[in-house]
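Listed here are the chains, written in short residue letters.
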Amino acid sequence: AQLAYYSTDILVGAACCRREEMEGGGARLYLMTIGVLAPYRSCGVGTALAEALVETASKAADVNEVYVHVQSSNTKGQDFYTRLGFSVKETIANFYKDIDPPDCHVMVKTFDRSKTA
């Protein structure tokens, strides 16, 4: 899935994700990328894109979580996802091949499906 944010006729932000089936049933959403043009950063565009994807995923009864990879040195990215309710689930050594440091954190937002309507 892809989601875009426009200001008049200029694409200022976009996000891309994919649904992944989980072993044992259910699914999760992998948030592959969010990008915002520099002049529009810190204006809520990235937050709006991420929140829209999380909200859509939360409404799908079989989607249990949303996850993202964040470079271990990217504290701004980690803070961004923490504010949205994500937490570090694991760290993967040598995940990235051409950047330093090569490690990433897998940050996850899990949906509580035990609540009844």
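Visitor: Let's hear about the overall build of the protein chain: which residues, and what values?
Guide: A tally of helices and strands in the protein chain yields 2 helices and 6 strands. The helix and strand sequence of the protein chain, counted from the amino end, reads β-β-β-α-β-α-β-β. The C-alpha radius of gyration computed for the protein chain amounts to 15 Å, which stays within 12% of the reference 13 Å derived for 117 residues, consistent with globular compactness. With the C-alpha coordinates of the protein chain rotated into their principal frame, the extents come out at 40 × 40 × 20 Å. By the burial criterion, 33% of the 117 residues in the protein chain qualify as buried.

Visitor: Describe the packing of aromatic side chains, naming the residues involved and giving the relevant values.
Guide: Scanning all chains against the criterion turns up 4 aromatic pairs. Relative to Y67, the ring of Y30 lies with its centre 4.7 Å away and its plane at 20°, an arrangement referred to as stacked. Of this pair, Y30 sits in strand β3 (residues 27-36) while Y67 sits in strand β4 (residues 63-71), and the two are 37 residues apart along the sequence. In this structure, Y30 and Y67 share a single accessibility class: buried. These aromatic residues form a ring-pair network of at least three members: F80, Y81 and F86.

Visitor: Just give me the short version of the state of the cysteines, but keep the residues and values in it.
Guide: Inspection of the entire model under this criterion finds 0 disulfides. C104 forms no disulfide, and the closest cysteine sulfur to it belongs to C16, at a distance of 17 Å. Taking relative accessible area as the criterion, C104 reaches 0% and is therefore assigned buried.

Visitor: An account of helix α1 (residues 45-59) is requested, with residue identities and associated values reported.
Guide: With 15 residues, α1 extends 21 Å from end C-alpha to end C-alpha; this agrees with the ideal 21 Å at 1.5 Å per step. Where α1 is concerned, the buried positions are V45, G46, L49, A50, L53, V54 and A57. All buried residues of α1 fall inside an arc of 165° around its axis, so they share one side.

Visitor: Which residues make up the environment of R18, and what values do they have?
Guide: Examined against the element boundaries, R18 turns out to sit in strand β2 (residues 10-21). Taking the relative accessible area as the measure of exposure, R18 reaches 39% and is therefore partly exposed. Aside from chain neighbours lying at most four places away, what touches R18 is R28, L29, Y30 and M32. In this structure the side chain of R18 is engaged in a polar contact, spanning 2.9 Å, whose partner is the side chain of E20.

Visitor: Tell me about the side chain of H69, residues and numbers included.
Guide: Relative to the assigned elements, H69 resides in strand β4. Residue H69 is classed as buried on the basis of its relative accessible area, which comes to 19%. A distance of 2.8 Å separates polar atoms of two side chains, one belonging to H69 and the other to Y30. Excluding residues within four positions of it along the chain, H69 makes contact with Y30, I92, F95, Y96, C104, H105 and V106.

Criteria and cut-off values
- Residues numbered from 1 in each chain as written.
- Predicted model: local features only at pLDDT ≥ 70, side-chain atom pairs only at ≥ 80, totals over all residues.
- Heavy atoms only, no water.
- Helix = DSSP H or I, 4+ residues; strand = E, 2+ residues; numbered from the N terminus.
- Rg over C-alpha atoms; globule rule 2.2 N^0.38 Å.
- Buried < 20%, exposed > 50% of the residue type's maximum accessible area, 1.4 Å probe, protein only.
- Phe/Tyr/Trp six-rings, centres within 6.5 Å; stacked < 30°, edge-to-face > 60°.
- Disulfide = S-S within 2.5 Å.
- Expected span 1.5 Å × (residues − 1).
- Arc of directions from axis to C-beta.
- Contact = heavy atoms within 4.5 Å.
- Polar contact = N/O pair within 3.5 Å; in protein donor to acceptor, adjacent residues only side chain to side chain.

Just geometry here; none of it tells us what the structure is for.
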